Amino acid sequence: ITISNIRASGDYAQTNTCGSSLGAGASCTISAVFTPAVTSTRYGSVTITSSDGASPHVLNLTGAGTQVSVAPGSLDFGNQPLGTVSASQPVTVTNLSSGTLPIFDIVVTGNNGTQPDTNTLNFRQTNNCGTSLAAGASCTINVSFAPQAVNTLTATLSVSDNAPNSPQTS
């Protein structure tokens with residue numbers, strides 16, 4: 001088939017390895033990149049126009065523009081001996097908005113409850129985030145694991161702020 005056009009719409013761009021034609025049984029890769037212009041659900045598509053009788057082929061895309069990024073989305077501490085504290089792993093909070101982001105709370109939940117005595121918690125956090133984050137700025141939350149029982153243990157790190165998708169979790 002002859003490929004005459006591949007284009008993205010909305011807040012999406014595309015790159016591809018397709019070239020101007022595709023032989024029988026061959027394939028190519030199209031990658032979509034999302035760059036939201038505003039905080040909300042954003043729709044777009046990638047349209048492939050070719051000599052194929054079913055052309056054009058449309059791949060619909062949906063993404064959510066956010067004001068805050070918390071990355072990575074998860075941490076894995078592996079096996080940790082009882083009575084010891086793991087090395088901390090960083091979680092970065094980035095304010096993607098153009099204004100100051102108030103930070104109301106940073107808490108680890110699902111952590112044998114949320115007892116105030118940190119010696120009874122499986123997961124612990126320290127951070128340098130303060131009560132607000134300037135536009136474009138980042139802060140770091142360091143999470144460590146101190147298992148109190150032999151078991152697979154999980155928890156959720158939550159950052160509460162005034163962004164529409166608050167709280168953000170990792």
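The structure presented is a predicted model; accordingly, all values stated were derived computationally and were not measured.

(A) Layout of the confidence of the model for the chain. The predicted model of the chain averages 86 in pLDDT, with 91% of residues at 70 or higher. Of all helices and strands in the chain, the one with the weakest mean pLDDT is strand E13 (residues 168-169) (82), whereas strand E1 (residues 3-8) scores best (95). Residue range residues 113-117 is modelled with pLDDT below 50. Its contacts to residues more than four positions away, or to other chains, number five contacts.

(B) Structural detail: the pairing of strand E7 (residues 89-95). One ladder, built from four bridges, connects strand E6 (residues 68-71) with E7; its direction is antiparallel. Residue pairing in the sheet places Val68 in a bridge with Asn95 of E7. Bridge count for E7 against strand E11 (residues 138-145) is six bridges, and the pairing is antiparallel. Bridged to Val93 within E11 is Cys139.

(C) Region of the structure containing the nonpolar core. Val93, Ile106, Ile141 and Leu157 are the most contacted members of the largest nonpolar core, which has 19 residues in total. Of all the secondary-structure elements, those providing two or more residues to this core are E6, E7, strand E8 (101-109), E11 and strand E12 (156-161). What Leu157 contacts, discounting residues up to four positions off in sequence, is Val91, Ile106, Val107, Val108, Gln125, Ile141, Val143, Gln168, Thr169 and Ser170. Counting residues in each nonpolar core, the second largest holds seven residues, with Ile6, Cys18, Leu22 and Val46 among its members.

(D) Broad picture of the environment of Pro72. Relative to the elements of secondary structure, Pro72 occurs in the loop between E6 and E7. When sequence neighbours within four positions are dropped, the list of residues in contact with Pro72 reads Pro90, Val91 and Ser170.

(E) How the structure looks around the packing of aromatic side chains. Scanning the model with the defined rule gives four aromatic pairs in all. Ring plane angle 20° and centroid distance 4.8 Å describe the contact between Tyr12 and Phe34, whose orientation is recorded as stacked. Residue Tyr12 is located in strand E2 (residues 12-16), and its partner Phe34 is located in strand E3 (residues 30-34); the two are separated by 22 residues in the primary sequence. Both rings, one in Phe77 and one in Phe145, keep their centres 5.8 Å apart while their planes meet at 35°; by these two values the pair is tilted. Of this pair, Phe77 sits in the loop between E6 and E7 while Phe145 sits in strand E11; the two residues are 68 residues apart in sequence, bridging distant segments of the chain. Take Phe77 and Phe145: they sit in the same class, and that class is buried.

So, how was this worked out
- Within every chain, residues take consecutive numbers counted from 1 along the sequence as written.
- Local features in a predicted model are, by the rule used here, given only for residues with pLDDT of at least 70; side-chain atom pairs are given and counted only at 80 or more, and totals for whole chains, interfaces and linings are based on all residues.
- Just so you know, side-chain values use all the structure's heavy atoms and leave hydrogens and water out.
- Residue-level confidence of the predictor is summarised by pLDDT, bounded by 0 at the bottom and 100 at the top.
- Only DSSP runs of H or I with at least four residues qualify as helices, and only runs of E with at least two residues qualify as strands; both kinds are numbered from the N terminus onward.
- Any two residues whose heavy atoms approach within 4.5 Å at even a single point are treated as in contact.
- Pairing between strands is defined by DSSP: at least two bridges between them are needed.
- To qualify as a nonpolar core, a set must consist of buried Ala, Val, Leu, Ile, Met, Phe, Trp, Tyr and Cys residues joined through side-chain atoms within 4.5 Å.
- Only protein chains enter the accessibility calculation, which uses a 1.4 Å probe; a residue whose area is less than 20% of its type maximum is buried, one above 50% is exposed, and one in between is partly exposed.
- In this analysis, rings of Phe, Tyr and Trp, with Trp reduced to its six-membered ring, are considered paired at centre separations within 6.5 Å, and the interplanar angle assigns stacked below 30 degrees, edge-to-face beyond 60, and tilted for intermediate values.

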